[in-house]
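Listed below are the residues making up each chain.
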Amino acid sequence: MSTSATKSPSRKNLFKVNLLLLTAVIALAVTPLLMLHDAEFSGSDDKAEKVITEMNSDYKPWFHPLWEPPSSEIESLLFALQAALGAGFIGYYMGFVRGKRKAESNRDDISR
């Protein structure tokens, strides 16, 4: 029988670390909003388009999107959905790999 309980951190320490990480993430997200009250948080595409137009007013884009969302809210929704699906896939894959390793480890422990 393995003594993995002594090797892994206690639940109390793990909770403290997770709480500290959550606090850091919240601080990183909120700090810019509090410090820059009148800042415009626009996308880099918009800023790049403005700079290109200022440098060359005759500039013609190489291509246009096949479909453009009807509003910026829909565009933001689609971007958030894409990010959530990507994060979900990565989380699922990491959990799957971890579970697979744990099952192999348990199988090895039983066969000894």
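Small disclaimer: the values here were computed from a predicted structure and weren't measured.

Now for the overall build of the protein chain. The helix and strand tally for the protein chain stands at 4 helices and 0 strands. The order of helices and strands in the protein chain, counted from the N terminus, is α-α-α-α. Relative to the 2.2 N^0.38 estimate, which gives 13 Å for 112 residues, the radius of gyration of the protein chain is 24 Å and therefore markedly larger than a compact globule would have. Its C-alpha atoms give the protein chain principal-axis dimensions of about 75 × 35 × 25 Å. Per-residue burial for the protein chain yields a buried fraction of 1% across its 112 residues.

Our focus in this paragraph is helix α3 (residues 44-55). Given a rise of 1.5 Å per residue, 12 residues ought to cover 16 Å, and the 16 Å separating the end C-alpha atoms of α3 matches this to within 8%. The element α3 is largely exposed, with a buried count of 0 among its 12 residues.

Okay, the confidence of the model for the protein chain next. Averaged over the protein chain, the pLDDT score is 86; the fraction of residues at 70 or greater is 91%. Ranking the elements of the protein chain by mean pLDDT puts helix α1 (residues 4-7) last, at 52, and helix α2 (residues 11-35) first, at 92.

A few words now on a negative patch on the surface. Residues Glu-40, Asp-45, Asp-46, Glu-49, Glu-68 and Glu-75 make up a contiguous surface patch of negative charge. In terms of residues, the negative patch owes the most to one element, α3, which gives 3 residues. Mapped onto the fold, Asp-45 is located in helix α3.

Now for the packing of aromatic side chains. In this structure the tally under the stated criterion is 1 aromatic pair. For the pair Tyr-92 and Phe-96, a centre-to-centre distance of 6.3 Å together with 20 degrees between the ring planes defines the contact as stacked. A residue pair is termed a helical-turn pair when its members lie 3 or 4 positions apart in one helix, as Tyr-92 and Phe-96 do in helix α4 (residues 72-111) at 4 residues. According to the relative accessible area criterion, Tyr-92 is exposed, its value standing at 59%.

Bringing a nonpolar patch on the surface into the picture now. Taken together, Phe-15, Leu-19, Leu-22, Ile-26, Val-30, Leu-34, Met-35 and Leu-36 make up a surface patch of nonpolar side chains, about 820 Å² in accessible area. Assignment of secondary structure puts Leu-34 in helix α2.

The next thing to look at is the environment of Ser-44. Inspection of the secondary structure assignment puts Ser-44 in helix α3. As a C-alpha pair, Ser-44 and Asn-106 span 62 residues in sequence and 49 Å in three-dimensional space.

Rules behind the numbers
- Residues numbered from 1 in each chain as written.
- Predicted model: local features only at pLDDT ≥ 70, side-chain atom pairs only at ≥ 80, totals over all residues.
- Heavy atoms only, no water.
- Helix = DSSP H or I, 4+ residues; strand = E, 2+ residues; numbered from the N terminus.
- Rg over C-alpha atoms; globule rule 2.2 N^0.38 Å.
- Buried < 20%, exposed > 50% of the residue type's maximum accessible area, 1.4 Å probe, protein only.
- Expected span 1.5 Å × (residues − 1).
- pLDDT = per-residue confidence, 0-100.
- Patch = residues over 30% accessible without salt bridge, like charges linked within 9 Å, V, L, I, M, F, W, Y side chains within 5 Å.
- Areas by Shrake-Rupley, 256 points an atom, 1.4 Å probe, with all protein chains shown as cover.
- Salt bridge = Lys/Arg side-chain N within 4 Å of Asp/Glu carboxyl O.
- Lys, Arg positive; Asp, Glu negative; His and termini not counted.
- Charge placed at Lys NZ, Arg CZ, Asp CG, Glu CD.
- Phe/Tyr/Trp six-rings, centres within 6.5 Å; stacked < 30°, edge-to-face > 60°.

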